[in-house]
Amino acid sequence: MLADVMFDSTCVVCRRRGRMLCVDCAALLNQPHSVTHEVAGVPVYAVGWYQGELRMVIRRAKNYRSRAAIAHLEPSLNRVFARFDRVPVIPVPPSKPGMLRRGYGLARPIATVSRLPIVDVLRIRDSGTQRGRRADERSRGREFQVRGKVPTTAVLVDDVVTTGATVSAAITALAESGCRVIGVVALALVASR
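Worth saying up front: this structure is predicted, and the values here are computed from it rather than measured. (Residues numbered from 1 in each chain as written. Predicted model: local features only at pLDDT ≥ 70, side-chain atom pairs only at ≥ 80, totals over all residues. Heavy atoms only, no water.)

### Describing the sheet that holds strand S2 (residues 42–49)
Judged by pairing direction, the sheet is mixed, and its five strands sit side by side in the order S1-S2-S7-S6-S3 without closing on themselves. A strand with exactly one partner marks an edge of an open sheet, and here the two such strands are strand S1 (35–39) and strand S3 (89–91). Within this sheet the neighbouring strands show an average axis-to-axis angle of 30 degrees, counted without direction. Examined bridge by bridge, S2 and strand S7 (residues 180–189) share five bridges and lie parallel to one another. Residue Val44 lies in a different strand from S7, and its bridge partner there is Val184. Packing against the sheet, helix H3 (residues 52–63) makes contact with S2, strand S6 (153–161) and S7, and its axis sits at approximately 100 degrees to S7. The sheet strands contacting helix H7 (residues 107–114) are S3, S6 and S7, and the helix crosses S6 at an angle near 130 degrees. (Pairing = 2+ DSSP bridges. Helix = DSSP H or I, 4+ residues; strand = E, 2+ residues; numbered from the N terminus. Axes fitted to C-alpha atoms, helices over the stretch in contact; angles between N-to-C directions. Contact = heavy atoms within 4.5 Å.)

Laid out in structure tokens, this is it:
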């Protein structure tokens, strides 16, 4: 695009001038390969593992205030969301430090790609960022409140699922409010360490 060239944009992955994600790298990221996992008995579907090119795009979106990077993953996200028909999606809100640093969370832009009804009912009560915490610290560090009317069933949306602690806490909070989470959609899963 002309705007990309005018503003000296380069591909996040290969550093080629022209676009935030060049045509070749976008094609590579949007190949039909998703990964699945399970957290608290709920299947988690992700575009891929948090590594390589996908990791670069997510880091760009998270650390450089570039939500537009997520739009390039739309074909892959659409394949992941396709298994859910007319089920409302609930984005996981960002941590307070993440929100202050970026001004947005990634779960909402990901949920928007689904074109499914978005229900913002989760509010986070946390003790800060999850970055750098061990699995046991992560599970103690997240609590959610549910505010507003919840659907009976929903799909939870998060950006990256590391240990599953955040997703598990959100599933529990929603279950206590009468909402059954039938799936989780994420950009990436972190392989077990």
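### Quick word on the pairing of S1
One ladder, built from five bridges, connects S1 with S2; its direction is antiparallel. Following the sheet pairing, Glu38 is matched in S2 by Pro43. Count of turn residues in the S1/S2 antiparallel hairpin: two residues, of which Ala40 carries a positive phi of about 50 degrees.

### Structural notes on the nonpolar core
By size, the foremost hydrophobic cluster in this structure holds 38 residues, and its most contacted members are Leu21, Leu77, Phe81, Ile110 and Leu187. By size, the runner-up hydrophobic cluster in this structure holds 27 residues, among which are Val42, Val121, Val161 and Val181. (Core = buried A, V, L, I, M, F, W, Y, C linked by side-chain atoms within 4.5 Å. Buried < 20%, exposed > 50% of the residue type's maximum accessible area, 1.4 Å probe, protein only.)

### Focus on unusual backbone geometry
Most peptide bonds take the trans configuration, and most residues that are not glycine carry a negative phi. One non-glycine residue, Arg86, lies in the positive phi region at around 60 degrees. Examined against the element boundaries, Arg86 turns out to sit in the loop between helix H5 (74–81) and S3. When its relative accessible area of 69% is taken as the criterion, Arg86 is described as exposed. In this structure, Arg115 is a non-glycine residue whose phi angle is positive, near 60 degrees. Summarising the element assignment, Arg115 is placed in the loop between H7 and strand S4 (122–126).

### Some words on the packing of aromatic side chains
Enumeration according to the criterion identifies one aromatic pair in this entry. Considering the side-chain rings of Tyr45 and Phe84, the 5.8 Å spacing of their centres and the 70 degrees angle between planes classify their relative orientation as edge-to-face. You can see Tyr45 sitting in strand S2 and its partner Phe84 sitting in the loop between H5 and S3, a full 39 residues away along the chain. Owing to a relative accessible area of 9%, Phe84 belongs among the buried residues under this scheme. We note Arg83 situated over the ring of Tyr45; from NZ or CZ to the ring centre the distance is 3.9 Å. (Phe/Tyr/Trp six-rings, centres within 6.5 Å; stacked < 30°, edge-to-face > 60°. Lys NZ or Arg CZ within 6 Å of the ring centre and 35° of its normal.)

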